[in-house]
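Reading the structure
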Amino acid sequence: MQPFIVVRNYREDDELKCQELVRDYIMSFFKKSFYCFCFREITLQFIVITWAILFIFLGVPLTFCALCVPGCIFFLFSGTYFSFYAKAVELMKTKPNQALVAECYEPYIFRLKPNEVTYQIFMDDAPYEPSFKNKFRKKIIATVSVKSHSSIYNAAWIYRFAVAPNYSFQKVAEPMFGLILKNCIQLGYQTIESTISEWQENERDFYDNLGFATRQIYHKQIIGNSLSVMKTQLTFNLRKDEALQKQN
């Protein structure tokens, strides 16, 4: 049986699955950011300063001062982990105003990896009988939500955007964003905004291919003023897209 994906509107009973998907998606960037932080100059400076304080001011033997190295690494690990987890919890608690989900239908016995399979994608519902669809297991593999931007006039804001690992990001996200852009045009928004971090390479390529432009680049604090992550705010002119659609 050929597996397929249905892109449909969010329902209330999807909330728990969407929360789990958003949490796992946010936490998937934790390891990459932690490894990056380990090799930054501020980490080495923190280890050296801690070592000097223990040895010079507290009189700790030099051998025991070496324990500050794994101690600092553990502090960095826990600080980064809880920062990402706090962001995930914040997004999990935020109820979506307008949202879409991508629901995947796969056979119960399915040995192939998702990135090895070509999925048919349907909008709203699949043209199959309920008895046929009951032969598949269902799971939500992507979600995206949109709300009015809090500080930019007549702009929409993309949030709670997540795609399950091992699934093709481009193939799953493209039809969802096509419908999101269409809905935002119908609602009268002028632009649509989104934010990505420096580790989201797939997302950056995807937004660039859609025609998003960089509005601003800034640094968001992770642990105090010492460690921060570079964020990029992207914008898309919906009026320009609407004009192109009319021409076509």
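The name given to the protein chain in an unreviewed UniProt entry is N-acetyltransferase domain-containing protein, with the source organism recorded as Glossina austeni.

Some remarks on the packing of helix α3 (residues 41–57) against helix α5 (residues 68–93)
Running from amino to carboxyl end, α3 crosses α5 at an angle of 135°, the nearest separation of the two axes being 9 Å. On the basis of their axis angle, the class for α3 and α5 is oblique. Judged by the sense of rotation from one axis to the other, the crossing of α3 with α5 is right-handed. The segment α3 lies against α5, with T43, F46, I47, T50, W51 and L54 engaging C68, V69, C72, F75 and L76.

Focus on the side chain of E15
With respect to the helices and strands, the residue E15 is situated in helix α1 (residues 15–27). Owing to a relative accessible area of 6%, E15 belongs among the buried residues under this scheme. Filtering out sequence-adjacent residues up to four positions away, E15 remains in contact with Y10, M92, K95, P96 and R160.

A short note on the UniProt feature "domain: N-acetyltransferase" (unreviewed entry) in the protein chain
In the numbering adopted here, UniProt assigns the feature "domain: N-acetyltransferase" (unreviewed entry) to residues 115–212. With 33% helix and 34% strand, residues 115–212 has its two end C-alpha atoms placed 26 Å apart.

Examining helix α8 (residues 201–210)
All of the buried residues in α8 are E203, F206 and Y207. Angular distribution of buried residues about the axis of α8 spans 95°; they occupy a single face of the element. Once α8 ends, the next one or two residues include G211, with phi positive near 105°.

Regarding the environment of Y105
Summarising the element assignment, Y105 is placed in strand β2 (residues 98–107). Sequence separation between Y105 and I140 is 35 residues; the distance between their C-alpha atoms is 9.1 Å. Setting aside its immediate chain neighbours within four residues, Y105 contacts P3, F4, V6, K133, F136, R137 and K138.

So, the packing of helix α2 (residues 30–38) against α5
Contact pair α2 / α5: the axes reach a minimum separation of 10 Å and the direction vectors enclose 145°. The handedness of the crossing between α2 and α5 is right-handed. From α2, F30, S33, F34, F37 and C38 reach across to α5, where they touch I73, L76, F77, T80, Y81 and F84.

Regarding α2
In an α-helix, one turn spans 3.6 residues; hence positions three or four apart end up facing the same way. For α2, the complete set of buried residues consists of F30, S33, F34 and F37. End-on, the buried residues of α2 take up no more than an arc of 100°, which puts them together on one face. Those residues of α2 that are exposed and aimed more than 90 degrees away from the buried face are K31 and Y35.

Side note on a nonpolar patch on the surface
A cluster of nonpolar side chains, contributed by I49, I53, F55, I56, F57, L58 and L62, occupies part of the molecular surface with about 770 Å² of accessible area. Take the nonpolar patch: its biggest share by element is 5 residues, from α3. Owing to a relative accessible area of 59%, I56 belongs among the exposed residues under this scheme.

Describing the pattern of salt bridges
On inspection of all chains with the given rule, the structure shows 11 salt bridges. What you see here is one network of salt bridges that share partners, running through R8, D14 and E103.

Points about the packing of aromatic side chains
With the rule as written, the count across this model stands at 24 aromatic pairs. Measuring from ring centre to ring centre gives 5.7 Å for F34 and Y35, while their planes differ by 50°; the resulting arrangement is tilted. Taking the centre distance of 5.9 Å and the plane angle of 45° together, the rings of Y119 and Y167 count as tilted. Within this pair, whereas Y119 is found in the loop between β2 and β3 (120–123), its partner Y167 is found in the loop between β5 (155–163) and α7 (169–186), the two being separated by 48 residues in sequence.

Rules of the game
Residues numbered from 1 in each chain as written. Predicted model: local features only at pLDDT ≥ 70, side-chain atom pairs only at ≥ 80, totals over all residues. Heavy atoms only, no water. Axes fitted to C-alpha atoms, helices over the stretch in contact; angles between N-to-C directions. Helix = DSSP H or I, 4+ residues; strand = E, 2+ residues; numbered from the N terminus. Parallel < 35°, antiparallel > 145°, perpendicular 65-115°, else oblique. Left-handed = near helix turned anticlockwise from the far one by under 90°. Contact = heavy atoms within 4.5 Å. Buried < 20%, exposed > 50% of the residue type's maximum accessible area, 1.4 Å probe, protein only. UniProt positions renumbered as here; feature names shortened; annotations may be inferred. Arc of directions from axis to C-beta. Patch = residues over 30% accessible without salt bridge, like charges linked within 9 Å, V, L, I, M, F, W, Y side chains within 5 Å. Areas by Shrake-Rupley, 256 points an atom, 1.4 Å probe, with all protein chains shown as cover. Salt bridge = Lys/Arg side-chain N within 4 Å of Asp/Glu carboxyl O. Phe/Tyr/Trp six-rings, centres within 6.5 Å; stacked < 30°, edge-to-face > 60°.

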